[in-house]
Amino acid sequence: MIKIGKYEIHRIEEVVLREQTALFADWTESAVDPIRDWFVGDYYSPESDSFTTSIHSWLIRGPDLTILIDTAGGDDKPRPASPRFDQAKTPFLANLAAAGVQPDDVDYVLLTHLHVDHVGWNTKLVDGEWRPTFNNAVYVMSETELEWRDPEKGAKGKSADASLPFVDSVRPILDQAQVRIVKGDEKQFLPDIDFVPIPGHAPGMMAVRLQDQGDEALFIADVMHQPIQVYNPEWSSRYCEDKTLATKTRASILAYAAKTGCLLLPAHFGGSHCGYIDHDGQGYSYRPSKVAP
Ligand SMILES: [Zn+2]
């Protein structure tokens with residue numbers, strides 16, 4: 001657990017995977033050389049030529065407020081287009097309970113974007129139907145993301161298989177749960193919480209900024225998948241839908257984090273899963289948090 005002002009931040013793990021370095025088209029092993037002492041092991045394995053990729057949610061607990069940021073891959077879901085999430089059985093809800101939270105305690109589910117690994121636990125299978133997992137929560141999602149992914153609105157080039165996360169994890173929420181559809185740039189959406197547009201990886205992706213008592217945490221979703229991108233900010237992942245825009249957004253987030261000293265909490269880093277950005281010559285370096293939330 002990490003504290004930001006009066007808020008507690010916990011990481012709710014679903015699964016930790018190996019991701020081949022083909023994640024980045026520009027990957028070369030020599031990129032590891034400047035950071036080999038801390039990068040090999042916690043984040044990268046030369047033996048298997050793969051990165052550590054965590055799939056998790058971030059939990060914010062305030063005195064009167066419980067917020068979940070993203071909902072990982074989910075259980076029991078058919079995922080022919082994403083086999084790693086196909087018919088999964090994960091300890092996600094047990095891990096949430098271990099942090100002291102039951103699904104009905106969650107007040108808000110903030111969805112940074114609507115990719116398969118960020119919406120899964122929106123719903124769970126009950127008597128053969130997809131029902132909201134967090135019955136008392138307001139689910140918050142971006143208008144741009146909804147427009148882009150809804151198969152009934154064309155879902156711009158998406159196959160039926162690729163639209164399954166929308167069908168079983170977003171549509172039932174629109175039909176059955178409390179929903180707030182946002183622009184993704186709202187200031188003070190909740191006390192101490194702003195949204196910041198971070199388009200590129202997904203067109204309507206938004207960051208969540210938490211500020212209290214002089215502390216700041218920025219939940220940056222998939223602006224970066226691996227800390228090696230801090231050193232190679234022009235690298236976008238193969239999952240990024242608009243790589244040019246993703247690179248531009250990454251540059252602005254790195255500049256902001258280096259200037260403010262805020263804690264960055266990405267959706268997929270290994271190691272301690274979050275950290276800080278420092279200026280380093282013409283570029284930046286990553287300083288992992290000593291505490292893993
Ligand atoms: Zn992701």
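Notes on the structure in this doc start here. (Residues numbered from 1 in each chain as written. Predicted model: local features only at pLDDT ≥ 70, side-chain atom pairs only at ≥ 80, totals over all residues. Heavy atoms only, no water.)

**Regarding the nonpolar core**
Where a protein is soluble and globular, its nonpolar side chains tend to be buried together.
Reasoning step 1: The biggest cluster of nonpolar side chains holds 33 residues, and the ones touching the most others in it are Ile 228, Leu 264 and Ile 277.
Reasoning step 2: Sorting the residues of this core by element identifies strand 13 (215-221), helix 7 (228-231), helix 8 (243-260) and strand 16 (283-288) as the ones contributing at least two each.
Reasoning step 3: Element by element, the count of residues in this core is highest for helix 8, at 4 residues.
Reasoning step 4: In this structure, Ile 228 is in contact with Phe 24, Trp 27, Ala 31, Val 32, Ile 35, Phe 39, Phe 51 and Trp 235, ignoring residues within four places of it in sequence. (Core = buried A, V, L, I, M, F, W, Y, C linked by side-chain atoms within 4.5 Å. Buried < 20%, exposed > 50% of the residue type's maximum accessible area, 1.4 Å probe, protein only. Helix = DSSP H or I, 4+ residues; strand = E, 2+ residues; numbered from the N terminus. Contact = heavy atoms within 4.5 Å.)

**Topic: the coordination of the zinc ion**
Reasoning step 1: Each protein donor to the zinc ion is listed here as Asp 117 (OD), His 118 (NE2), Asp 222 (OD) and His 268 (NE2); together their distances run 2.0 to 2.2 Å.
Reasoning step 2: Sequence spacing of the donors to the zinc ion: D-H-x103-D-x45-H. Of this pair, Asp 117 sits in helix 3 (residues 116-119) while Asp 222 sits in the loop between strand 13 and helix 7, and the two are 105 residues apart along the sequence. For the pair shown, Asp 117 and Asp 222 are each scored as buried. (Donors = N, O, S within 2.8 Å, 3.2 Å for Na, K, Ca; no water.)

**A few points about helix 8**
In an α-helix, one full turn covers 3.6 residues, which means residues spaced three or four apart are oriented alike.
Reasoning step 1: Over its 18 residues, helix 8 runs 26 Å from end to end, which matches the ideal 26 Å to within 8%, given 1.5 Å per residue.
Reasoning step 2: Where helix 8 is concerned, the buried positions are Ala 246, Thr 249, Arg 250, Ile 253, Leu 254, Ala 257 and Ala 258. On an axial view of helix 8, the arc spanned by its buried residues comes to 160°, and they lie on one face. Exposed side of helix 8, more than 90 degrees from the buried face: Thr 244, Lys 248 and Lys 259 are the residues found there.
Reasoning step 3: In this structure, the buried side of helix 8 is in contact with strand 13, helix 7, strand 14 (263-266), strand 15 (275-280) and strand 16.
Reasoning step 4: A distance of 3.3 Å separates the backbone nitrogen of Thr 244 from a side-chain oxygen at the start of helix 8, and that oxygen is part of Asp 242.
Reasoning step 5: At the exit of helix 8 stands Gly 261, carrying a positive phi of roughly 75°. (Expected span 1.5 Å × (residues − 1). Arc of directions from axis to C-beta. Polar contact = N/O pair within 3.5 Å; in protein donor to acceptor, adjacent residues only side chain to side chain.)

Function cannot be inferred from these measures alone, as they are strictly geometric.
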